[in-house]
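# An overview of the molecular structure
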Amino acid sequence: MIEQITMYTIRCDRCEITAFQDQEDTAWDSKEAAWELAENQGWEKINERHYCPGCYEIDEEDELVVKAGVRIYFEHKAK
Ligand SMILES: [Zn+2]
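Since this is a predicted model, take the numbers as computed values, not measurements.

### Re the overall build of the protein chain
Helix and strand content of the protein chain: 2 helices and 4 strands. Residues classed as buried in the protein chain amount to 13% of the 79 residues present. Once local pairs closer than 6 in sequence are excluded, the contacts in the protein chain between residues at least 24 apart make up 37%.

Shown next as structure tokens:
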């Protein structure tokens, strides 16, 4: 029997890389498991979006902020 199943991975909302692309397991059977693994690798959730370690920084007030970039620029431009 061939069965289609749904698996989850985490993709950065800024640079669009996926969390597990170079690893043995690239997807997980629950969103929670995928996120937990990503978080262990330094990913962060900011305003319900998900960012890889390269796409956020900590500002002077110890707040996590998304680095400026193409996507952010686009969103500002669209307003
Ligand atoms: Zn990223």
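So that's the structure; there's more coming.
### Considering the nonpolar core
Within the largest apolar cluster, 9 residues are counted, these being Ile10, Cys12, Ala19, Ala34, Ala38, Tyr51, Cys52, Cys55 and Tyr56. Once residues lying within four places of it in the same chain are set aside, the contact partners of tyrosine 51 are Cys12, Asp13, Arg14, Trp43, Glu44, Ile46, Tyr56 and Val66.

### Description of unusual backbone geometry
As a rule of thumb, non-glycine residues mostly have phi less than zero, and peptide bonds are mostly trans rather than cis. Its identity as a non-glycine residue notwithstanding, glutamate 16 has a phi of 70 degrees, on the positive side. Relative to the assigned elements, glutamate 16 resides in the segment before α1 (31-40). If you check the backbone angles, asparagine 47 has positive phi at about 50 degrees while not being a glycine. Counting through the fold element by element, asparagine 47 comes out in the loop between β1 (44-46) and β2 (49-51).

### Focus on the environment of glutamate 32
Examined against the element boundaries, glutamate 32 turns out to sit in helix α1. Here the alpha-carbon distance between glutamate 32 and tyrosine 8, two residues 24 residues apart in the chain, equals 9.0 Å.

### Here we look at the confidence of the model for the protein chain
Per-residue pLDDT for the protein chain averages 88, and the proportion of residues at 70 or more is 87%. When pLDDT is averaged over each element of the protein chain, α1 comes out on top at 97 and helix α2 (residues 70-78) at the bottom at 49.

### Remarks on the environment of aspartate 25
Mapping aspartate 25 onto the fold places it in the segment before α1. Residue classification places aspartate 25 among the exposed positions, given that 11 C-beta atoms sit within 10 Å. The sequence separation of aspartate 25 and threonine 9 amounts to 16 residues, and the corresponding C-alpha distance is 9.8 Å.

Basis of the calculations
Residues numbered from 1 in each chain as written. Predicted model: local features only at pLDDT ≥ 70, side-chain atom pairs only at ≥ 80, totals over all residues. Helix = DSSP H or I, 4+ residues; strand = E, 2+ residues; numbered from the N terminus. Buried ≥ 20, exposed ≤ 12 C-beta atoms within 10 Å, placed from the backbone. Contact = placed C-beta atoms within 7 Å. Core = buried A, V, L, I, M, F, W, Y, C linked by C-beta atoms within 7 Å. pLDDT = per-residue confidence, 0-100.

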